[in-house]
Amino acid sequence: MSGFVYLDFIGVALFAASGALAASRKQMDIVGFIFLAVVTGVGGGTVRDLILDVPVFWVEMQTYLLVTAGAGVAVYFTAPLLESRYAWLLWLDAVALAAYAVFGAAKGFAITGSPMVAVAMGMLTGCFGGILRDVIAGEPTVLMRREIYVSATALGAVVMVAAALIGLPDPVAAVLGFAAAFGVRAGALAYG
Amino acid sequence: MSGFVYLDFIGVALFAASGALAASRKQMDIVGFIFLAVVTGVGGGTVRDLILDVPVFWVEMQTYLLVTAGAGVAVYFTAPLLESRYAWLLWLDAVALAAYAVFGAAKGFAITGSPMVAVAMGMLTGCFGGILRDVIAGEPTVLMRREIYVSATALGAVVMVAAALIGLPDPVAAVLGFAAAFGVRAGALAYG
Amino acid sequence: MSGFVYLDFIGVALFAASGALAASRKQMDIVGFIFLAVVTGVGGGTVRDLILDVPVFWVEMQTYLLVTAGAGVAVYFTAPLLESRYAWLLWLDAVALAAYAVFGAAKGFAITGSPMVAVAMGMLTGCFGGILRDVIAGEPTVLMRREIYVSATALGAVVMVAAALIGLPDPVAAVLGFAAAFGVRAGALAYG
């Protein structure tokens, strides 16, 4: 699974940034930014690890708390410079969900050996952080927008698992899964 | 607990169908139907198993993923034929919550031996899937509707535990609990 | 951690009462009061215990179910006498979040030994019950109100952990953390 670890950091950090942007849209204070960044960044992976019955990743490795809190602080100072915070939120969310879906599927596959559980884990992991962010911030959840969202997550997880099943090396499976998920979601955002 | 296993499949499948109907009301694509079906179908039981510290049921037995995903696909093709999708959603939800509450209480009782924890598990299990469905779909949660909802779940769990405590056989306890919960909820839906 | 145990009961009982007040505002029946009281009272601590991978506190010690259900019943009979149920909800919530944040941080610190994880646990524990309550009741989450909420929780957790790190006795650390969190939140409620 080591080939996927960069995807994990990307997914966690960018989900955190999208959470901080939601805090910005709600005019919260800096601790609110950090809180929503951390919850959005680590939420999906926390549920994944609880279900897989493995130690929760950010309790094991506290770098994740630093990365997500740091993303919250960084967005606090840069958000006022952005022209459209919601467009940024959606694009950060798009990269993050692609990364997170692939990493979640990889972790689920490594631990259970079941392709079906792996895909479910990828979808859950990819979608759950965004759901938490939107529910806490009181926005309609991003899943309810018309652009393809859950499907992109599902596709990324399926491509990753299929690539692993036919024996492609980890980094290749990671790149293919990521490209599939992000490509579909980006297309939907750009032309949807 | 084997006497309750059919209740579990009924509860999971019908909650899944109600989740897919929520996806239909939101005009999601087929993957959205499957996602909301799976989350609604397995959500309550997942929380139950995490709290009871037993392996999550659908990671152990993947049939549940097939059943819930299948319910999502089936609803995708039949929902356009329904006259009132929300009425169907409420009735499917009513059968599902009765089944789920009784099975949740039975599992909680079997594992902890505590009637109070068993009733809490039944209520949690019966209500949580519907809460997840409504929150993700951005609808007011079904608990907030005036018809008796939480009370029906509680009654089903209490009847099941009481029947087990006085030594009735499992299938009898299951039928009594189910009939109590569904009877009350159905009465409320029909005349409420 | 024994020095903190009273804080835990205070936090759990008052969060439960705030949940019951939310049920009252929604004109639910008495079982609805009990359900929302129990979920709000034990919600944050349940997530804390799952993440820390320790037995969920109310499965171990059922007094908590009795306390929270009792709070629900008590509010059912007294809520009609209150002039402003939402003001009461906010003040109960303020005491509860201070108590819960400090106890959550203490438990996180005792189990993981990491100050950072301890603070995250305190914040999560303090905020999560209120989030659950508001989401189920269909209200905007209390975090989104302008008065300092997450910051008060964070401050209480930080003060408790800092006091423990410099070797102050448990009860002193508990009182300092509680006073910091409640003081800030109360000031915000009174003058915000």
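Right, let's walk through the structure included here.

### Some points on the overall build of chain A
Here is step 1: Per the secondary structure count, chain A includes 8 helices and 0 strands.
Here is step 2: When the helices and strands of chain A are read in sequence order from the N terminus, they spell out α-α-α-α-α-α-α-α.
Here is step 3: A compact globule built from 192 residues should have a C-alpha radius of gyration of about 16 Å, and chain A, at 16 Å, falls within 12% of that.
Here is step 4: Its C-alpha atoms give chain A principal-axis dimensions of about 50 × 40 × 25 Å.
Here is step 5: Considering chain A as a whole, with its 192 residues, one finds that 59% of them fall into the buried category.
Here is step 6: Element-wise, carbon and sulfur atoms account for 68% of the exposed surface of chain A, whose accessible area totals about 7,000 Å².

### Brief notes about the relation of the copies chain A and chain B
To go from the first copy of the chain to the second, apply a rotation about an axis and then a shift along the same axis.
Here is step 1: Overlaying chain A on chain B yields an RMSD of 0.0 Å, the required transformation being a rotation through 120 degrees with an accompanying axial translation of 0.0 Å. One copy is carried onto the other by what is essentially a three-fold rotation axis.

### Comments concerning the interface of chain B and chain C
Here is step 1: Taken together, the contact between chain B and chain C spans 20 residues of the former and 17 residues of the latter.
Here is step 2: Summed over both sides, the interface between chain B and chain C buries roughly 1,700 Å², with carbon and sulfur atoms accounting for 79% of that surface.
Here is step 3: Sorting the residues of chain B by area buried against chain C places Ile51, Met116 and Met144 of chain B first, and these three jointly supply 32% of that buried surface.
Here is step 4: Linking chain B with chain C are 3 residue pairs in polar contact (both at pLDDT 80 or more).
Here is step 5: Those elements that place two or more of their residues in the side of chain B that touches chain C are α2 (30-52), α6 (115-137) and α7 (150-165) of chain B.

### Examining the nonpolar core
Here is step 1: Trp58 and Leu143 of chain A, Phe4, Trp58 and Leu143 of chain B together with Trp58 and Leu143 of chain C are the most contacted members of the largest nonpolar core, which has 206 residues in total.
Here is step 2: Discounting residues that sit within four places of it in the chain, Leu143 of chain B has contacts with Cys127, Ile131, Tyr149 and Val150 of chain B together with Met28, Phe35 and Ile136 of chain C.

### Examining unusual backbone geometry
Residues and elements named next belong to chain C.
Here is step 1: Here Gln27, not a glycine, exhibits a phi torsion of approximately 55 degrees, which is positive.
Here is step 2: Here Gln27 shows up in the loop between α1 (5-25) and α2 (30-52).
Here is step 3: Positive phi is not limited to glycine here, since Asp53 has a value of about 60 degrees.
Here is step 4: By relative accessible area, which is 58% here, Asp53 ends up exposed.

### Structural notes on the packing of aromatic side chains
Here is step 1: Using the criterion set out here, one finds 21 aromatic pairs over all chains in the structure.
Here is step 2: Here the aromatic rings of Phe33 of chain B and Tyr76 of chain B are separated by 4.9 Å at their centres, their planes lie at 90 degrees, and the arrangement is edge-to-face. Placement of the pair is Phe33 of chain B in helix α2 and Tyr76 of chain B in helix α4 (residues 63-78), with a sequence separation of 43 residues.
Here is step 3: Since its relative accessible area comes to 31%, Tyr76 of chain B is described here as partly exposed.
Here is step 4: Among the aromatic residues, those joined into a cluster by ring pairs are Phe9, Phe57 and Tyr64 of chain A.
Here is step 5: For Arg48 of chain A, the ring lying beneath its charged end belongs to Phe57 of chain A, and the centroid distance is 5.3 Å.

### What to know about the environment of Ser84 of chain C
All names here are of chain C.
Here is step 1: Topologically, Ser84 is positioned in the loop between α4 (63-78) and α5 (85-112).
Here is step 2: The partly exposed category is assigned to Ser84, whose relative accessible area is 34%.
Here is step 3: In this structure the side chain of Ser84 is engaged in a polar contact, spanning 3.1 Å, whose partner is the backbone nitrogen of Ala87.

### A look at the packing of α1 of chain C against α5 of chain C
Relative placement of two packed helices is described by the angle separating their axes and the distance separating the axes.
Residue and element names in this part refer to chain C.
Here is step 1: Relative to each other, α1 and α5 sit at 150 degrees, their axes nearing to 8 Å. The orientation of α1 relative to α5 falls into the category roughly antiparallel. The element α1 and its partner α5 pack so that their crossing is left-handed.
Here is step 2: For the contact of α1 with α5, the residue count by class is 20 nonpolar, 3 polar and 4 charged.

### Points about the packing of α1 of chain C against α2 of chain C
All names here are of chain C.
Here is step 1: Where α1 contacts α2, the two axes come as close as 7 Å, and the packing angle between them is 140 degrees. Judged by the angle between their axes, α1 and α2 are oblique. Read as a crossing pair, α1 and α2 show a hand that is right-handed. For the pair α1 and α2, contact is made by Val12, Phe15, Ala16, Ser18, Gly19, Ala20, Ala22, Ala23 and Ser24 and by Gly32, Phe33, Leu36, Ala37, Thr40 and Gly41, respectively.

### Section: the interface of chain A and chain B
Here is step 1: Between chain A and chain B, the residue contacts involve 20 residues of the former and 17 residues of the latter.
Here is step 2: For the chain A and chain B pair, buried surface summed over both sides reaches about 1,700 Å², with 79% attributable to carbon and sulfur atoms.
Here is step 3: Of all residues in chain A, the largest losses of buried area upon contact with chain B belong to Ile51, Met116 and Met144 of chain A, amounting jointly to 33% of the total for that side.
Here is step 4: Viewed at the interface, chain B and chain A are joined by 0 salt bridges.
Here is step 5: If you look at where chain A meets chain B, you find 3 residue pairs in polar contact (both at pLDDT 80 or more).
Here is step 6: Secondary-structure elements contributing two or more residues to the side of chain A that touches chain B are α2 (30-52), α6 (115-137) and α7 (150-165) of chain A.
Here is step 7: Broken down by class, the residue content of the side of chain A that touches chain B amounts to 15 nonpolar, 4 polar and 1 charged.

Conventions adopted
Residues numbered from 1 in each chain as written. Chains lettered and ligands numbered in written order. Predicted model: local features only at pLDDT ≥ 70, side-chain atom pairs only at ≥ 80, totals over all residues. Heavy atoms only, no water. Helix = DSSP H or I, 4+ residues; strand = E, 2+ residues; numbered from the N terminus. Rg over C-alpha atoms; globule rule 2.2 N^0.38 Å. Buried < 20%, exposed > 50% of the residue type's maximum accessible area, 1.4 Å probe, protein only. Areas by Shrake-Rupley, 256 points an atom, 1.4 Å probe, with all protein chains shown as cover. Least-squares fit on C-alpha atoms with pLDDT ≥ 70 in both. Contact = heavy atoms within 4.5 Å. Buried area = accessible area lost by both parts, 1.4 Å probe. Polar contact = N/O pair within 3.5 Å; in protein donor to acceptor, adjacent residues only side chain to side chain. Core = buried A, V, L, I, M, F, W, Y, C linked by side-chain atoms within 4.5 Å. Phe/Tyr/Trp six-rings, centres within 6.5 Å; stacked < 30°, edge-to-face > 60°. Lys NZ or Arg CZ within 6 Å of the ring centre and 35° of its normal. Axes fitted to C-alpha atoms, helices over the stretch in contact; angles between N-to-C directions. Parallel < 35°, antiparallel > 145°, perpendicular 65-115°, else oblique. Left-handed = near helix turned anticlockwise from the far one by under 90°. Nonpolar A, V, L, I, M, F, W, Y, C, P; charged D, E, K, R; others polar. Salt bridge = Lys/Arg side-chain N within 4 Å of Asp/Glu carboxyl O.

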